[in-house]
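Below are the chains, spelled out letter by letter.
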Amino acid sequence: MGLYLIKVTACLAIFIVFYKLVLENESMHTFKRFYLISSLIAASIIPAVLFTEYIYITPEPVLNTYVSEINSDEIPVFYQKTDYLTPTLWTIYGLGVLIFGCKFCSNLFKIGTRIRRNPKINYDRSIHVLLEERLSPHTFFNFIFLNKQKFEAQEIPEEVLLHEQAHAVQKHSLDVLFIELMQVILWFNPLIYLFKRAIKLNHEFLADQAVLQKGAELSNYQKILLAFSSNAPETQLANAINYSSIKKRFNIMKKTTSKKAIWLRSLLVLPMFALALYSFSESEIIEIDKSLENSTSSNLPPENLQEQKSDSIQYKYIEKPNAPNIQDIAKWKNSFKYALWIDGKHTSNKELENYKLSEFVHYSSSFIYNNARSQQFPQPYQVSLFTKNKFKKQFTTNNRELNIHINKAAQILVQGELVSVLGLKQHLSKLNTDLSKEEKSKIVRGFIHVRLETPKQAVKNVSNILEEYGCVTIDIVGQKEQQDGATIKQLATYNTIARKYNEMNTSTMRIKKGEVDQMTYLYTIMTDDQKKNAEAFPELPPIPEPPMPPSTQKIGKGEVSAIPAPPAPPKSPLDHIIEMAEKNANFYYEGKAITSDQAIDLIKNNNHLNIDTRNTGSKNPSVKISKEPILIKN
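(A) Molecular detail of the nonpolar core. With 30 residues, the main nonpolar core has Leu12, Phe15, Tyr35, Leu40 and Phe195 as its most contacted residues. Ranked by residue count, the leading element in this core is helix α1 (residues 2-23), at 9 residues. Aside from chain neighbours lying at most four places away, what touches Tyr35 is Phe15, Phe18, Tyr19, Leu23, Val269, Met272 and Phe273. One finds Leu402, Ile406, Val419 and Val459 within the second-largest nonpolar core, a separate group that totals 21 residues.

Dropping the structure here:
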């Protein structure tokens, strides 16, 4: 958590420095608004992004190192220190969140109270709330808060009202609420307050720009801002005229940024975000034992080998249990020499007295060199003990999809390991140990991958083992000759298509050949029992016979054929337009008159336009061209 917060702070620092140096003093205020909000979101997301890289390794041989015993008199007495720092820091953070959260809710409540208790006037797309207090004009969503006395005396200039109206129309309050919520979460981070000030100042730039675009005179507007800016208290969640930002706003009002400069500065944002993503995202390297490639039989097909390589990423290796003896337990009670963990939790060495020897099924120990010992664990040895249930969960693989490959030699490959039929039972007994047989029958699926040459008896044996193991479904993946009936997935597909056609009216049935072919194929591979329990095969209307080809009778010399000549192919749209242009036709595109050259260019560039030609026999035919279908009125 601490590293994440450091990375968030670093991202925020880069983004705000870039804003101050490159963007703040430019008149590209809409872009700056989205940049500031996007920076806060990106700074929160980038440190949590994880890139994973898979690499193949060749494992080094494991050597057992025996170290001579060390005299216990040489080891100083160690007293374990309690960690008070972490809970203290979390308590301080929680109090800060509570205080700032209460302040945020209080400000919302105050605004709601002012809206409810004071008179309101609907004006254009906003609502004027008239207050008795002498506050600066300010805005919250479409509510503009004004001093009642000044408003009724018409002492508030039109430019001030336009300024507040701009805040309301552009929904600046959404940005303010977002940064206030971020402040509640990251109240301890000073960069949040810099972002908050930058966002509110940019809102003023946007509002000033809107007023000047309405036709306000610059010098007169600046005088009004000076007259109405004050240090009077205002609601934190509202946009108000602020004296401290007047000078910078005056400078920005006079500045114009060229389109070229806007594009250049906008494009600089992309490499900056990419650099932050590269620098502060997380990366993970997963090492895959290269020996898995050599554990497969040469008789297995290449496609299955590739599948097994990709599948092996998600598996853990199974470790054989190494049970301790009574002498081991006796020496591990020495807390000066041995740091002890039971079932993954650090515990006192005296805790061993509460266990029986038979309860421990596995242990591992290691010698710690002087330069690797910590203040918390200064002992030269570290020992991890596991009870039966914890060992099963820690050192067995739990996978809800069991992929088993059988080659033409009836060899069985499961999780990169070649096993016999009897060995398969033992192998499966170590998988999904966190599930009962009843739970397995609900969620564990079996997949048997076969080839055309795979012996059917081997497939049947493996299928029986998976059924006994408790798989909810067993799918045979491979050539259809190996398949005994349709799979669950194939039955579901057949039932969906058949039900669709059974619910249709035969007189108005519209048949899709691809669906019917698929449904027919699935029906042919189903067993008799599957056909009885499946959806009835629908009654389909006969497919109409294709028209007979014309007679090929021979015609004698001088005789006239009775077969009508085929019609001439229709003219292309372009040829038709050229023909109409030669007849001096009047052309119209989308209701507007155009020249014949323009009509020809339109059809050349788009042959999907609709054409309606009238009075083709007259001197000046009329040709209408349109993107939309042309309605012909009788």
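(B) Main features of helix α2 (residues 29-45). Between its first and last C-alpha atoms α2 spans 24 Å; for 17 residues at 1.5 Å apiece the expected length is 24 Å, and the two agree. Taken together, the buried positions of α2 are occupied by His29, Lys32, Arg33, Tyr35, Leu36, Ile37, Ser39, Leu40, Ala42 and Ala43. Each element contacted by the buried residues of α2 is listed here: α1, α6 (172-185), α7 (190-213), α9 (246-253) and α10 (259-280).

(C) Broad picture of the packing of α2 against α7. Where α2 meets α7, the axes come as close as 9 Å, and the angle between the chain directions of the two elements is 160°. By the angle between their directions, the pair α2 and α7 is classed as roughly antiparallel. In this structure, the crossing between α2 and α7 has a hand that is left-handed. Listed contacts from α7 to His29, Thr30, Lys32, Arg33, Leu36, Ile37, Ser39 and Leu40 of α2 are Ile192, Phe195, Ala198, Ile199, Asn202, His203, Phe205, Leu206 and Gln209. Of the residues contributing to the contact of α2 with α7, the split by class is 9 nonpolar, 6 polar and 2 charged.

(D) Region of the structure containing the environment of Leu340. With respect to the helices and strands, Leu340 occurs in strand β8 (residues 338-342). Leu340 sits 39 residues away from Gln379 along the chain, and the two C-alpha atoms are 9.7 Å apart. Here Leu340 is in contact with Lys345, His346, Thr347, Ser348, Asn349, Leu352, Val383 and Leu385, once residues within four sequence places are set aside.

(E) Here's a closer look at the packing of helix α21 (residues 573-582) against helix α22 (residues 596-605). Between α21 and α22, the shortest axis-to-axis distance is 9 Å and the interhelical angle comes to 175°. In terms of axis orientation, α21 runs roughly antiparallel to α22. Contacts from Pro573, Leu574, Ile577, Ile578 and Ala581 of α21 reach α22 at Ser596, Ala599, Ile600, Ile603 and Lys604. When grouped by side-chain class, the residues that make up the contact of α21 with α22 number 8 nonpolar, 1 polar and 1 charged.

(F) Representation of the side chain of His138 within the structure. With respect to the element layout, His138 can be found in strand β4 (residues 138-140). Looking at His138, the relative accessible area reads 1%, which means it is buried. A polar side-chain atom of His138 sits 2.7 Å from the main-chain carbonyl oxygen of Ser136.

(G) View of the sheet that holds strand β10 (residues 360-367). Pairing within the open sheet is mixed, and its 4 strands lie in the order β9-β8-β11-β10. Looking at the sheet topology across the chains shown, the edges are occupied by β9 (345-347) and β10. The average undirected angle you get between the axes of adjacent strands in this sheet is 30°. Sheet topology note: the β10/strand β11 (residues 381-387) ladder contains 7 bridges and is antiparallel. Across the sheet, the residue bridging to Ser365 is Val383, located in β11.

(H) Structural view of the sheet that holds strand β19 (residues 610-614). Pairing in this open sheet of 4 strands is mixed, and the strands run β18-β17-β20-β19 from one edge to the other. Every other strand in the sheet has two partners, leaving β18 (592-594) and β19 as the edge strands with one partner each. Within the sheet, the average angular offset between the axes of one strand and its neighbour, ignoring direction, is 30°. As paired strands, strand β17 (residues 586-589) and strand β20 (residues 622-626) are joined by 4 bridges and run parallel to one another. Pairing of Asn586 across the sheet is with Ser622, part of β20. Contacts from α21 reach β17, β19 and β20, with the element oriented near 35° to β19. With respect to the sheet, α22 is in contact with β17, β18, β19 and β20, its orientation differing from that of β18 by roughly 95°.

Conventions used here
Positions within a chain are numbered from 1, following the residues in the order the chain's sequence is written. This being a predicted model, a pLDDT of at least 70 is required before a residue's local features are given, and a value of 80 or more before pairs of side-chain atoms are given or counted; all residues contribute to the totals for chains, interfaces and linings. Hydrogens and waters are ignored; side-chain quantities use all the structure's heavy atoms. Here, nonpolar core refers to any group of buried Ala, Val, Leu, Ile, Met, Phe, Trp, Tyr and Cys residues whose side-chain atoms link them within 4.5 Å. Buried residues are those whose accessible area, probed at 1.4 Å on protein chains only, stays under 20% of the maximum for their type, while exposed residues exceed 50% and partly exposed ones sit between those limits. By definition, any uninterrupted DSSP run of H or I lasting at least four residues is a helix, any uninterrupted run of E lasting at least two residues is a strand, and each is numbered from the N terminus. Contacts are assigned to residue pairs with any non-hydrogen atoms lying within 4.5 Å of each other. Helix span, expected: 1.5 Å multiplied by one less than the number of residues in the helix. Structural elements are reduced to axes, namely lines fitted to C-alpha atoms, with helices fitted over the stretch in contact, and the angle between N-to-C directions of any two is expressed from 0 to 180 degrees. Oblique is the label for any angle not covered by the other classes, which are roughly parallel (under 35 degrees), roughly antiparallel (over 145) and roughly perpendicular (65 to 115). Put simply, a crossing is left-handed when the front helix is turned counterclockwise from the back one by less than a right angle, and right-handed when it is turned clockwise. Gly falls in the polar group here, along with every residue not listed as nonpolar (Ala, Val, Leu, Ile, Met, Phe, Trp, Tyr, Cys, Pro) or charged (Asp, Glu, Lys, Arg). Residues adjacent in sequence count toward polar contacts only when both atoms are side-chain atoms; beyond that, a polar contact is any pair of N or O atoms within 3.5 Å, and within protein one must be able to donate a hydrogen and the other to accept it. If DSSP finds at least two bridges between two strands, the strands pair.

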